[in-house]
Amino acid sequence: MASLSLSVSGAMVTTTSSSSFVHRQPATRTLLALPKVGLKAGRGRGTVTAMATYNVTLITPGGKKTIKCRDDEYILDAAEEIGIDLPYSCRAGACSSCAGKLVSGSVDQSEQNFLDDDQLSEGWVLTCIAFPTSDLVIETNKEEDLASA
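The rules behind the values
Throughout, a residue's number is its position along its own chain's written sequence, starting from 1. For a predicted model such as this one, the threshold for reporting local features is a pLDDT of at least 70, and the threshold for listing and counting side-chain atom pairs is 80 or more; totals across whole chains, interfaces and linings nevertheless cover every residue. The side-chain quantities take in all heavy atoms of the structure and omit both hydrogens and water. Each helix is a run of H or I in the DSSP string that is no shorter than four residues. Each strand is a run of E no shorter than two, and both are numbered from the N terminus. The buried label goes to any residue with under 20% of its type's maximum accessible area, the exposed label to any with over 50%, and the partly exposed label to all in between, with areas taken from a 1.4 Å probe on protein chains only. Residues count as neighbours in contact if any of their non-hydrogen atoms are within 4.5 Å of one another. Computed with the Shrake-Rupley method and a 1.4 Å probe, the accessible areas treat only the protein chains shown as cover for residues. Residue-level confidence of the predictor is what pLDDT reports, using numbers from 0 through 100. Stacked, tilted and edge-to-face are the three classes applied to pairs of Phe, Tyr and Trp rings, where Trp contributes its six-membered ring and a pair requires centres within 6.5 Å; stacked means planes under 30 degrees apart, edge-to-face means over 60, and tilted covers the rest. To sit over a ring, a charge needs its Lys NZ or Arg CZ within 6 Å of the ring centre and within 35 degrees of the ring normal. Here, a disulfide means two cysteine sulfur atoms that sit within 2.5 Å of each other. By definition, a salt bridge exists where a carboxyl oxygen of Asp or Glu is found within 4 Å of a side-chain nitrogen of Lys or Arg. Note on patches: the residues involved have over 30% relative accessible area and no salt bridge, like charges join within 9 Å, and the nonpolar side chains Val, Leu, Ile, Met, Phe, Trp and Tyr join within 5 Å. Positive: Lys, Arg. Negative: Asp, Glu. His and the chain ends are not part of the count. The atoms used to mark charge sites are NZ of Lys, CZ of Arg, CG of Asp and CD of Glu.

1. Points about the overall build of the chain
When its secondary structure is counted, the chain shows four helices and ten strands. The burial tally for the chain puts 35% of its 149 residues in the buried class. By sequence separation, contacts in the chain at least 24 residues apart represent 46% of the contacts at least 6 residues apart. Accessible area for the chain stands at about 8900 Å²; split by element, carbon and sulfur atoms hold 50% of it.

2. Here we look at the confidence of the model for the chain
This prediction gives the chain a mean pLDDT of 81; 67% of its residues lie at or above 70. Confidence drops under a pLDDT of 50 for residues 1–35, and excluding neighbours within four residues, the segment shows 34 contacts in the predicted structure.

3. Thoughts on the packing of aromatic side chains
Taken as a whole and judged by the stated rule, the model has one aromatic pair. Taking the ring centre of Tyr 88 as reference, the NZ or CZ of Arg 91 above it sits at 4.1 Å.

4. Brief notes about the side chain of Lys 142
Relative to the helices and strands, Lys 142 resides in the loop between strand 10 (136–139) and helix 4 (143–148). Beyond its immediate sequence surroundings of up to four residues, Lys 142 is in contact with Ala 99, Gly 100, Lys 101 and Trp 124.

5. A word on the state of the cysteines
Within the structure shown, the criterion is met by zero disulfides. Cys 90 takes part in no disulfide bond, and the closest cysteine sulfur to it belongs to Cys 95, at a distance of 3.6 Å. Of the cysteine sulfurs around Cys 98, a residue in no disulfide, the closest is that of Cys 128, at 3.6 Å. Residue Cys 98 is classed as buried on the basis of its relative accessible area of 4%.

6. Examining the pattern of salt bridges
Per the counting criterion, the structure on display carries six salt bridges. Between Arg 91 and Asp 77 there is a salt bridge, with its nearest N and O atoms 2.8 Å apart. Of the two residues, Arg 91 sits in the loop between helix 2 (75–81) and strand 6 (99–104) while Asp 77 sits in helix 2, which places them 14 residues apart along the sequence. Given the relative accessible area of 33%, Arg 91 is considered partly exposed. Between Glu 139 and Lys 142 there is a salt bridge whose closest N-O contact spans 3.7 Å.

7. Re a negative patch on the surface
A cluster of acidic residues, Asp 116, Asp 117, Asp 118 and Glu 122, forms a negative patch at the surface. What makes Glu 122 partly exposed here is its relative accessible area of 45%.

Here's what the structure looks like:
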């Protein structure tokens, strides 16, 4: 008997295959109904994890640019992959070179250790260690604004 478990935004989808004649709805049909979801290998043996892709709009000094960014990809890396140059230095969330201001949406930047709680609540983002958790808009190149805030 084989088993496949998928976690999609906290919901668990499980399908089991066996030689019995019980008709079960394949998990793939459920996943096809989710338009922004892909699959990636999970950490455990034989597991598959759903991943999302979000629209990230970057407001740069050169204008607005919208990119696709997976939920397991840093925003800075996704921008660089398509040729958008954003400022950075440490790539570890320990400085402010890549600072941006979140206009809308949300990110996971739990790996950062530079911004304080007030700056986080004001919407400051370090693009080098920020993962998108929704479609979002970020004003980039904001290191000087952060320093004067």
